[in-house]
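# Tertiary structure, described
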Amino acid sequence: MIRAALTVLTLLYATSVAAQEQVARSGGALLRGLDKVSGRTTDMEIAVGEALRYGRLEVRLGECRYPAADPSSDAYAQLTIRDLSQNLTLFSGWMIASSPALSALDDARYDVWVISCKS
């Protein structure tokens, strides 16, 4: 019983500490794309609210956030990636720079991931 109570208190404390971490919003992001056929990588800067074309993909940035205390530590970007040739949304959600495989674009030819937020 005491062990369960301590576990709950530890989880509540960890959750409140994580919730207190301040994040800042950026005006843009640096993304990297990989063409798996040619093996060529391309770095792409994009502003919030804009879209860019990468091959047959349209990449749109909704928001980019980073820890306010350490801007170089990580980036979180809300992206929507569409296949223009099939008029199909391939990805819509948050990508995390430190864990690109956690929430990744699933495409046979292209990979796109977040490098950092830009001001």
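You'll find the structure just up there.
The structure reproduced in this document is the subject of the present report. (Residues numbered from 1 in each chain as written. Predicted model: local features only at pLDDT ≥ 70, side-chain atom pairs only at ≥ 80, totals over all residues. Heavy atoms only, no water.)

### Brief notes about the nonpolar core
We apply this condition: Nonpolar cores were defined as sets of buried Ala, Val, Leu, Ile, Met, Phe, Trp, Tyr and Cys residues, with membership established by side-chain atoms within 4.5 Å. Note on exposure labels: buried denotes an accessible area under 20% of the residue type's maximum, exposed denotes more than 50%, and partly exposed covers the range between, all computed with a 1.4 Å probe on protein chains only. Runs of E in the DSSP output that reach at least two residues are strands. Runs of H or I that reach at least four are helices, and both are numbered from the N terminus. When checking whether two residues touch, look at their non-hydrogen atoms; a contact exists if any pair is within 4.5 Å.
Residues Leu31, Leu79, Ile81 and Val114 are the most contacted members of the largest nonpolar core, which totals 22 residues. Those elements that place two or more of their residues in this core are β2 (28–35), β3 (40–47), β4 (51–54), β5 (57–67), β6 (76–83), β7 (88–96) and β8 (110–118). If near-sequence neighbours (up to four positions away) are discounted, Leu79 is found in contact with Leu31, Val59, Arg60, Leu61, Phe91, Ser92, Gly93, Met95 and Val114.

### A word on the pattern of salt bridges
We apply this condition: Salt bridges are defined by distance alone: a side-chain nitrogen of Lys or Arg within 4 Å of a carboxyl oxygen of Asp or Glu.
Counted according to the given criterion, the structure contains 9 salt bridges. Measuring nitrogen to oxygen at the nearest pair gives 2.6 Å for the salt bridge that ties Asp43 to Arg32. Separated by 11 residues along the polypeptide, Asp43 in strand β3 and Arg32 in strand β2 bring together distant segments of the chain. Residue classification places Arg32 among the partly exposed residues on the basis of a relative accessible area of 26%. In this structure, Glu63 and Arg65 form a salt bridge, with 2.6 Å as the shortest nitrogen-oxygen distance. The class of Glu63 is buried, set by a relative accessible area of 17%.

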